[in-house]
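Residues per chain, in single letters:
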2 protein chains.
Amino acid sequence: MSVLVVGSTALDSIKTPYRENPRLLGGSASHAAVAASFFSPVKLVGIVGEDFPRRYVQLYRRHGIDLEGLRTAPGKTFHWAGEYEVNMNNRRTLTTELGVFETFSPILPTAYRQAPFVLLANIAPALQHHVLDQMRRPRFVIADTMDLWLNIALPDLLKLLRRIDAFVLNDGEAHQLTKEDNVFAALRKIHKLGPKYVIIKKGSHGSILSGPNGFFLAPAYPLHRVVDPTGAGDTFVGAMTGYLASARGPLDTNLRRAIICGSVVASFCCEGFGLNRTTKVSRAAIDKRIRDLEKLVRF
Amino acid sequence: MSVLVVGSTALDSIKTPYRENPRLLGGSASHAAVAASFFSPVKLVGIVGEDFPRRYVQLYRRHGIDLEGLRTAPGKTFHWAGEYEVNMNNRRTLTTELGVFETFSPILPTAYRQAPFVLLANIAPALQHHVLDQMRRPRFVIADTMDLWLNIALPDLLKLLRRIDAFVLNDGEAHQLTKEDNVFAALRKIHKLGPKYVIIKKGSHGSILSGPNGFFLAPAYPLHRVVDPTGAGDTFVGAMTGYLASARGPLDTNLRRAIICGSVVASFCCEGFGLNRTTKVSRAAIDKRIRDLEKLVRF
């Protein structure tokens, strides 16, 4: 089944202690859509400026991503520039130029409105609402977010939590939202805000799924070297949703495997700048790492 | 088979935002020995002063711990006082009174020297060496440590690493020892220092076993509330070693299950002050949490 992905479509300039990479394809929707495309057909909703490189449109196309919902508007594409420290954990934003994103208000093509799976990737909660308003009874809605929206759009985000099936956030955001240091205590509070399923991302420490059938403790795929973690969280939720849309059987069982797919595709994402590594991944390479993870946690 | 445990035997005064608990039974050897005793017979090596409460000797006895190697010397028992912050992650030492521990030089009873499993719990590396010097070809030697010894006794510790089968340390210590931010890169370097097996503890994020057959990613048991984490690391390595000494079959397979036993008994340790909760645990309760963990990681 198909997945509708809405989020940011951007150009990222990423500086690390080792390299500078100007104007890579980035944005939450780009990472999530490419990741989801390994498992299911994807419909992308987003906006780019007239400066958006043709090669990036071709990249989306190579992944079979439906671009009917990608608008090109007069002006410049959203541009983010950031810098990582040596340990790759601390990120500093150098520039944020919203460009055409500033006035973005997604209008879904008719064919998009019946997509059964909806991924509201990281973007202002008001836009996530706006997309949901246009959908015709989707089967499963999952939303991602970031600390920025907890700071400046909390009421919108809280309203959104009552409209979605699954909510994805990282451990820092879970703490910020609930004031709970203990992640399991935080999960309990987040469920009370609405979502039946909550997934907490802990970076290299893996992730936790919490749902009506209890917890699932998911490992991150072990990496000896992280080249660029930008977009790993978007990739995680993208692959997760893509897998879910492709799987038959009970949702609870599928969600566990979906999270493992998320971990694996996110591990590839971290091995290259921007989408460089992710776009070159084969389904066989993904399946190999899934089998690796099975062995890595067995006892 | 039996496990020889050497380490500190102490009185711990533990303050948290919720309670003060003066002069609890503590020390790395106390936690490790009690944890190991759920699985195998334990021989304790340590020293206490004349102020050491009789009830703590009785506690050791209730766990069937052989106390022939526990010396009572004129003077006071090692006393540590510390304080935890609200989030239970940051610990501050208030007092360290070495007492009889200052001049401790363990002499093993003859019956101890043939113990097949040796756990060198956290204590000065020179004392860990001294115990090893007295052993007759043990089958398996595992050592724990702490940041203090990396700071003040690194040459002794490095020498020790060439004499042991398995080394246990936490992620902060692994970084301190290798200057590697990436835990898998750090593991590679630690193996080069000697130990065939390395276990990195990551607190609530679980632990990683690294050995000739690759990695094992072990979860921590999910806890909604941590009462007092003091001794959790000692408990982890104690239960691990106790299980190993009790298990038949290939070491590599046993080590995975041993680490899970460590996670589980450590989770009980965190649910009470000092050894209060750990001493009340039944083998059935341990086995129940092991089965829980099996379900929590399955996909």
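A. Representation of helix H2 (residues 54-62) of chain B. All names here are of chain B. Along H2, the positions that sit buried rather than exposed are Tyr56, Val57, Leu59 and Tyr60. Axial view of H2: buried residues confined to an arc of 155°, hence all on one face. H2 presents Arg54, Arg55, Arg61 and Arg62 as exposed residues on the side facing more than 90 degrees away from its buried surface. Just past H2, the residue Gly64 takes up positive phi, approximately 70°.

B. Representation of the sheet that holds strand S9 (residues 140-144) of chain B. Residues and elements named next belong to chain B. What the 9 strands build is an open sheet, ordered S5-S4-S1-S8-S9-S10-S11-S12-S13; its pairing is mixed. The sheet is open, and its two borders are formed by strand S5 (66-72) and strand S13 (214-218), each paired with just one other strand. Taken pair by pair, the neighbouring strands of this sheet meet at an average axis angle of 15°, ignoring direction. Bridging between strand S4 (residues 42-48) and S5 involves 5 bridges; their strand directions are parallel. Across the sheet, the residue bridging to Gly46 is Leu70, located in S5.

C. Layout of the confidence of the model for chain A. Here chain A averages 96 in pLDDT, while 99% of its residues score no lower than 70. With pTM at 0.95, the complex prediction returns an ipTM value of 0.93.

D. Molecular detail of the sheet that holds strand S1 (residues 3-6) of chain A. Residues and elements named next belong to chain A. Spatial ordering of the open sheet is given by S5-S4-S1-S8-S9-S10-S11-S12-S13, a layout of 9 strands whose pairing is mixed. Two strands in the sheet have a free side with no partner beyond their single neighbour: strand S5 (66-72) and strand S13 (214-218). The sheet shows a mean angle of 15° between the axes of neighbouring strands, taken without regard to direction. Running at roughly 160° to strand S4 (residues 42-48), helix H1 (residues 28-37) makes contact with S1, S4 and strand S8 (117-120) of the sheet. Helix H6 (residues 171-178) contacts strand S10 (166-170) and strand S11 (197-201) of the sheet and is inclined by roughly 105° relative to S10.

E. Quick peek at the pairing of S8(A). Residue and element names in this part refer to chain A. By the alternation rule, side chains of S8 split into Phe117 and Leu119 and Val118 and Leu120, which are all buried. Pairing analysis gives 4 bridges linking S8 to strand S9 (residues 140-144), with the strands arranged parallel. Residue pairing in the sheet places Leu120 in a bridge with Ala143 of S9. Once the chain exits S8 it traverses helix H3 (residues 125-134) before rejoining the sheet at S9, and the crossover so formed is right-handed.

F. Geometry of the pattern of salt bridges. Residue and element names in this part refer to chain A. Applying the stated rule across the entire model yields 24 salt bridges over all chains. Two residues, Arg23 and Asp51, come together in a salt bridge whose shortest N-O distance is 3.3 Å. Residue Arg23 is found in strand S3 (residues 20-26), and its partner Asp51 is found in the loop between S4 and helix H2 (54-62); the two are separated by 28 residues along the sequence. Residue Arg23 is classed as partly exposed on the basis of its relative accessible area, which comes to 36%. For Asp133, the salt bridge is made with Arg163, and the minimal N-O distance between the two is 2.9 Å. Here Asp133 is found in helix H3, whereas its partner Arg163 is found in the loop between helix H5 (154-161) and S10, with 30 residues between them in sequence.

Thresholds applied
- Residues numbered from 1 in each chain as written.
- Chains lettered and ligands numbered in written order.
- Predicted model: local features only at pLDDT ≥ 70, side-chain atom pairs only at ≥ 80, totals over all residues.
- Heavy atoms only, no water.
- Buried < 20%, exposed > 50% of the residue type's maximum accessible area, 1.4 Å probe, protein only.
- Helix = DSSP H or I, 4+ residues; strand = E, 2+ residues; numbered from the N terminus.
- Arc of directions from axis to C-beta.
- Pairing = 2+ DSSP bridges.
- Axes fitted to C-alpha atoms, helices over the stretch in contact; angles between N-to-C directions.
- pLDDT = per-residue confidence, 0-100.
- Contact = heavy atoms within 4.5 Å.
- Right-handed = clockwise from strand over helix to strand, strands pointing away.
- Salt bridge = Lys/Arg side-chain N within 4 Å of Asp/Glu carboxyl O.

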